[in-house]
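Notes for the structure review
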Amino acid sequence: MAPYYNELYGNPSSMYKLAKESEKAKEGAREKVAKLLGAKLEEIVFTGGGTESDNFAIKGVAFANKKKGNHIITSKIEHHAVLNTCKYLEKHGFEVSYIGVSTKGFVDLNELEDTINDKTILITVMHANNEVGTIQPIQEISKIAREHNIYFHTDAVQTVGKLSVDVNELGVDLLSLSAHKFYGPKGVGALYIKEGTKIDSLLHGGHHEKNRRAGTENVPGIVGLGKASGIAMDEREEGERLKILRDRLEKGIVEKIQDVIINGHPEKRLPGTLNLCVKGIKGESMILQLDYHGIATSSTSACMAGLEKPSHVLLAMGIPPEVAYGSLRFSLGRGNTEEDINKVLEVLPPIVRRLRAISPYKKIKG
Ligand code: PLP
């Protein structure tokens, strides 16, 4: 990325020689992203990240297909980039159905199919959940969408670069991705738009990205996204390593700490994600204590952290609010090692013991 911040600063839309260097780099990145997804070059539009891709897909399809219908279907466990976009559209004449999930976090396919009506223009269901990691049956949902001639968007921000994601195998019309979820830079992403999809632009202005996304492109960011896509293709076995580490962490925690609930599906889950509820204490208390030991964790999604509300994902999965408050999420990645797992297993049990000693849990358990 560095040369494109410095000596290769040309604007890719300009005519001079330096500009052509930027244009070439941008198109090279598009090739890598398209290859990663099994898409055509012209089906990839660069954006400012996952949130923008979700907004673009959902608002873009909604407004372009308004004459056909005003009904959108999504799930209760989507990221707020999807949920709040849907809420916004509700204020502008669209109707949105929010489908429930099972205790493991799978979208209820019967409810989804029963909710479709002749006004339904879009289904948007995430590929894998950012809090619990459950991987949705995207192929089954896309089959339902196709049978009813409805566009299907998936927010694949959590899966691209971590799992094998092929747009043709999944059968989706639109797919969002974000570079920083697979070791690329923040503030850059892409939207896959299947050829022939009727969609309005989100940003209006110049003719960038073939008239689909106005604004001078973030060339260094796009180059970083391309590089991250190339690396992801070369390192597909990383998931297996993460799964082994994650399973060791999970087993160790369950063995050492009583009254812990593991959230999400045991198998159909992102390999590096471990989300659990420790009964009797708040997730935030554990996060602060772990941070003191140099261990960075989360409770709900990073975007909602600091809000005094239990996770909407855990509540939708039927976890009682008093238990959901005790959620803690470990997201393992390339930098994590066996030693990190050992450290958590050494540090977390005494933290839980101390916090429980000063919580109502002690009075209940004695
Ligand atoms: N969708 C999901 C599932 C996410 O996990 C995130 C980020 O955490 C986003 C969308 C938003 O992506 P970005 O941070 O690139 O805007």
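Right above here is the structure, for reference.
Residues numbered from 1 in each chain as written. Predicted model: local features only at pLDDT ≥ 70, side-chain atom pairs only at ≥ 80, totals over all residues. Heavy atoms only, no water.

Side note on the site of the ligand
The line we're drawing: Here a residue counts as near a molecule or strand whenever at least one of its heavy atoms sits within 4 Å of it. Pairing of N or O atoms within 3.5 Å defines a polar contact, subject to two protein rules: one partner must be a possible hydrogen donor and the other a possible acceptor, and residues neighboring in sequence count only if both atoms are side-chain atoms. Using the Shrake-Rupley algorithm and a 1.4 Å probe, accessible areas are obtained, with residue cover drawn only from the displayed protein chains. Helix numbers and strand numbers start at the N terminus; a helix is a DSSP run of H or I with at least 4 residues, a strand a run of E with at least 2. In this classification, Asp, Glu, Lys and Arg are treated as charged, Ala, Val, Leu, Ile, Met, Phe, Trp, Tyr, Cys and Pro as nonpolar, and every other residue, Gly included, as polar.
Surveying the vicinity of the ligand reveals 13 residues, the closest of which are G50, T51, D155, Q158 and S178. At a separation of 2.8 Å, an oxygen atom of the ligand approaches a polar backbone atom of G50. One of the side-chain nitrogen or oxygen atoms of Q158 is found 2.8 Å away from an oxygen atom of the ligand. When the ligand is considered free in solution it has 390 Å² of accessible area, and contact with the protein chains removes 88% of it. It is helix 3 (residues 50–64) that provides the largest number of residues to the shell around the ligand, a total of three residues. Each residue belonging to the shell around the ligand can be placed in one class, and the counts come to two nonpolar, eight polar and three charged.

Details of the sheet that holds strand 10 (residues 327–331)
We apply this condition: Being paired, for any two strands, means DSSP has found at least two bridges between them. Axis lines are fitted to C-alpha atoms, over the contacting stretch for helices. Their N-to-C directions set the angle, which ranges from 0 to 180 degrees. The contact definition used throughout considers only heavy atoms, calling two residues in contact when any of these lie within 4.5 Å.
Judged by pairing direction, the sheet is antiparallel, and its three strands sit side by side in the order 8-9-10 without closing on themselves. Two strands close off the open sheet at either side, each with one partner strand: strand 8 (260–263) and strand 10. Across this sheet, the average inter-strand angle for adjacent strands is 25°, counted without regard to direction. With four bridges connecting them, strand 8 and strand 9 (residues 273–278) associate as antiparallel partners. Following the sheet pairing, I261 is matched in strand 9 by C277. Those strands touched by helix 10 (residues 238–256) are strand 8, strand 9 and strand 10, and its axis lies near 15° from that of strand 9.

Looking at the sheet that holds strand 7 (residues 189–193)
Whether parallel or antiparallel, the strands of a sheet pair through hydrogen bonds between backbone atoms. Taken in spatial order, the seven strands of this open sheet run 1-7-6-5-4-2-3, and their pairing is mixed. The two strands at the open ends of the sheet, each matched to only one other strand, are strand 1 (44–47) and strand 3 (95–99). Taking each pair of neighbouring strands and ignoring which way they run, the sheet shows an average axis angle of 20°. Examined bridge by bridge, strand 6 (residues 174–178) and strand 7 share five bridges and lie antiparallel to one another. Bridging across to strand 7, S176 finds its partner in L191. Docked against the sheet, helix 3 engages strand 1, strand 2 (71–75), strand 4 (120–124), strand 5 (151–155), strand 6 and strand 7, running at close to 160° with respect to strand 6. In the packing of helix 4 (residues 80–90) onto the sheet, contacts are made with strand 2, strand 3, strand 4 and strand 5, and the angle to strand 3 comes to roughly 145°.

Describing the pairing of strand 4
For clarity, the threshold we go by: When accessible area is computed with a 1.4 Å probe and restricted to protein chains, residues below 20% of their type maximum are described as buried, those above 50% as exposed, and intermediate ones as partly exposed. Here, the term right-handed applies to a crossover whose path from the first strand over the helix to the second runs clockwise when the strands point away from the viewer.
A large share of strand 4 lies buried, amounting to five of its five residues. With three bridges connecting them, strand 4 and strand 5 associate as parallel partners. When the bridges of strand 5 are listed, T124 appears paired with H153. Taken together, strand 4, helix 6 (residues 138–147) and strand 5 constitute a β-α-β crossover, and its handedness is right-handed.

A look at helix 11 (residues 283–292)
For clarity, the threshold we go by: It is the directions from the helix axis to the C-beta atoms whose arc is reported.
For helix 11, the complete set of buried residues consists of G283, M286, I287 and L290. Down the axis of helix 11, the buried set is contained in an arc of 105°. They therefore lie on one face. Projecting away from the buried face of helix 11 at angles above 90 degrees are the exposed residues L288 and Y292.

Concerning the packing of helix 11 against helix 14 (residues 338–357)
When two helices pack together, you describe them by how their axes are tilted relative to each other and by the distance separating the axes. To be explicit about the condition: Should an angle fall under 35 degrees it is called roughly parallel, over 145 degrees roughly antiparallel, and 65 to 115 degrees roughly perpendicular, with every other angle called oblique. Working rule for handedness: look at the near helix, and if it is turned counterclockwise from the far one by less than a right angle, call the crossing left-handed; if clockwise, right-handed.
Two elements in contact, helix 11 and helix 14, have axes whose closest approach is 10 Å; the angle formed by their N-to-C orientations is 135°. When the interaxial angle is binned, helix 11 and helix 14 end up oblique. Judged by the sense of rotation from one axis to the other, the crossing of helix 11 with helix 14 is right-handed. Contact with helix 11, carried on its side by S285, M286, Q289 and L290, involves V347, L348, I351, V352, R354 and L355 of helix 14 and no other residues of that element. Grouping the constituent residues of the contact of helix 11 with helix 14 by class yields seven nonpolar, two polar and one charged.

Overview of the pairing of strand 9
With six of six residues buried, strand 9 lies mostly within the body of the structure. Because side chains alternate across strand 9, one face comprises the buried residues T273, N275 and C277, and the other comprises L274, L276 and V278, equally buried. Sheet analysis places strand 9 next to strand 10, joined by five bridges and oriented antiparallel. Looking at the pairing, N275 lines up with R329 of strand 10.

Some points on the nonpolar core
Here is the rule we go by: We define the nonpolar core as a collection of buried residues of types Ala, Val, Leu, Ile, Met, Phe, Trp, Tyr and Cys that are connected through side-chain atoms lying within 4.5 Å of one another.
Among the nonpolar cores identified, the biggest contains 50 residues, and L37, I44, I123, V160, L175, L177 and L225 are the most heavily contacted of them. Considering each element in turn, this core owes the most residues, five residues, to helix 2 (residues 17–37). In this view, L37 contacts I44, V160, V165, D166, V167, L175, L177 and Y192; residues no more than four positions away in its chain are not counted. Counting 25 residues, the second largest nonpolar core, distinct from the first, contains L274, I281, I287 and F330.

A short note on the environment of L328
With respect to the secondary-structure elements, L328 resides in strand 10. In this structure L328 comes out as buried when scored by relative accessible area, which is 0%. Excluding residues that lie within four positions of it along the chain, L328 makes contacts with L274, N275, L276, G283, M286, I287, L290, T297, S298 and L348.

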